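Chain and residue survey
Listed below are the residues making up each chain.
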Amino acid sequence: MKFFIDTADLSEIEEIASWGCLAGVTTNPSLYAKIGGKLADFEDHMVKICKLVGDDVPVSAESTATTTEGMIEEGRRLAALAPNIVVKLPICPEALAATRVLAEEGIRVNMTLIFSVPQALLAARAGARYISPFVGRFDDIGEDGIDQLDSVVSAVYNYDYGWWEDEGGVEIISASLRTAQHVTQAALMGADIATIPYATLKKCVTHPLTVNGLAAFEADWKKVTGAE
Ligand code: E4P
């Protein structure tokens, strides 16, 4: 499983990138609003993220256009900002049509707001490079988001799509993950990628037994060294 961070916050991205295992960044309009982002700065901010993580690390920048033509135009503009930009489009007929055009031009699309198997399969057929099924938002309405993700993973990997074969084909980004347990379950079902908020990534790197074990090692090492 590859680890992406789900944030538009530069300091969060910089800190997690320093761990040496960050494979991507996803943003969305809500995450950009959360950092106080302004429309005029949006493209510059995406470029800053792209430069911070390096050309090999995909950065999803979401289009807010509502027509196919608008998505194609914005997608081309976003893709021209940096080699690692991935155009994020929300699943709908207009976005499927735009994805097809962008994919034929070699522009990678991350199709987001996926909540069903048919949505995921349509995205893959249209040429999406990434498909982002959401987990936590199902849990929010009392449904089992992990079960839904499992169905999407099983269905999508049943088929070949003929797109992005030089990059290994379509990849599933488990999105809207809220807990380390979500990450575990997504990995066990073989989802390619988990995009994870900063706070959840911090929880993923620790465990109470790790903390206790380290404290014991430190205490015992003081006995060895004779330090106070
Ligand atoms: C995915 O790319 C989305 O940005 C994200 O995972 C949504 O998560 P949320 O449901 O916590 O807003």
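What counts and what doesn't
Residues numbered from 1 in each chain as written. Predicted model: local features only at pLDDT ≥ 70, side-chain atom pairs only at ≥ 80, totals over all residues. Heavy atoms only, no water. Helix = DSSP H or I, 4+ residues; strand = E, 2+ residues; numbered from the N terminus. Rg over C-alpha atoms; globule rule 2.2 N^0.38 Å. Buried < 20%, exposed > 50% of the residue type's maximum accessible area, 1.4 Å probe, protein only. Contact = heavy atoms within 4.5 Å. Areas by Shrake-Rupley, 256 points an atom, 1.4 Å probe, with all protein chains shown as cover. Lys, Arg positive; Asp, Glu negative; His and termini not counted. Charge placed at Lys NZ, Arg CZ, Asp CG, Glu CD. Near = heavy atom within 4 Å. Polar contact = N/O pair within 3.5 Å; in protein donor to acceptor, adjacent residues only side chain to side chain. 1 Å grid on protein atoms, 1.4 Å probe; cavity = no way out; pocket = protein on both sides within 12 Å on 5 of 7 lines; lining within 4 Å. Sits in = over half its atoms within 2 Å of the grid points. Nonpolar A, V, L, I, M, F, W, Y, C, P; charged D, E, K, R; others polar. Phe/Tyr/Trp six-rings, centres within 6.5 Å; stacked < 30°, edge-to-face > 60°. Patch = residues over 30% accessible without salt bridge, like charges linked within 9 Å, V, L, I, M, F, W, Y side chains within 5 Å. Salt bridge = Lys/Arg side-chain N within 4 Å of Asp/Glu carboxyl O. Points joined across faces, edges and corners; volume = space filled by probe spheres on them.

Before going further, it helps to spend a moment on the overall build of the protein chain. A tally of regular secondary structure across the protein chain gives 11 helices and 8 strands. For 228 residues, the compact-globule estimate of 2.2 N^0.38 gives 17 Å, and the protein chain sits close to it at 19 Å. Counting only C-alpha atoms, the protein chain reaches 70 × 40 × 35 Å along its principal axes. Taking all 228 residues of the protein chain together, the buried fraction comes to 46%. Considering only intrachain contacts with a sequence separation of at least 6, the fraction spanning at least 24 residues in the protein chain is 58%. Accessible surface for the protein chain amounts to roughly 11400 Å². Of this, 55% is attributable to carbon and sulfur atoms. Mean positive and mean negative side-chain charge positions of the protein chain (18 and 32 charges, respectively) differ by 4 Å.

Glancing now at unusual backbone geometry. Its identity is not glycine, yet Leu 113 carries a phi of approximately 60°, on the positive side. In this fold, Leu 113 is placed in strand β5 (residues 109-114). Here the phi dihedral of Ser 176 falls at roughly 55°; this positive angle occurs in a residue that is not glycine. Relative to the elements of secondary structure, Ser 176 occurs in the loop between β7 (171-174) and α9 (180-188). Among the residues examined, Ser 176 registers a relative accessible area of 10% and is labelled buried.

Around the ligand, a shell composed of Asp 6, Thr 26, Asn 28, Lys 88, Phe 134, Arg 137, Ala 175, Ser 176 and Arg 178 is seen. Asp 6 places a polar side-chain atom, nitrogen or oxygen, 2.7 Å from an oxygen atom of the ligand. Arg 137 is positioned with one of its side-chain polar atoms (N or O) 2.7 Å from an oxygen atom of the ligand. For the ligand, the accessible surface in isolation is 340 Å², of which the surrounding protein chains cover 86%. Cavity membership is defined here by more than half of the atoms lying within 2 Å of grid points; on that basis the ligand lies in the largest pocket. Residues of the shell around the ligand, tallied by class, amount to 2 nonpolar, 3 polar and 4 charged.

This structure, assessed with the given rule, holds 4 aromatic pairs. For the ring pair Phe 4 and Tyr 130, a centre distance of 6.3 Å and an interplane angle of 70° mean the geometry is edge-to-face. Residue Phe 4 is located in strand β1 (residues 2-6), and its partner Tyr 130 is located in strand β6 (residues 130-133); the two are separated by 126 residues in the primary sequence. With relative accessibility at 2%, the residue Phe 4 sits in the buried group.

The subject of this paragraph is a negative patch on the surface. Among the surface-exposed residues, Asp 139, Glu 143, Asp 144, Asp 147 and Asp 150 lie close enough to one another that they form a single negatively charged patch. With respect to the element layout, Glu 143 can be found in the loop between α7 (136-140) and α8 (145-156). Since its relative accessible area comes to 38%, Glu 143 is described here as partly exposed.

So, on to the layout of surface pockets. Estimated volume of the largest pocket: approximately 380 Å³. Lining the largest pocket are 24 residues; nearest its centre among them are Asp 6, Asn 28, Leu 31, Lys 34 and Pro 197. Among the elements of the structure, α2 (29-34) and α10 (198-204) are those that each provide at least two residues to the lining of the largest pocket. With 3 residues, α2 is the largest single contributor of residues to the lining of the largest pocket. Class assignment for the residues of the lining of the largest pocket results in 9 nonpolar, 8 polar and 7 charged.

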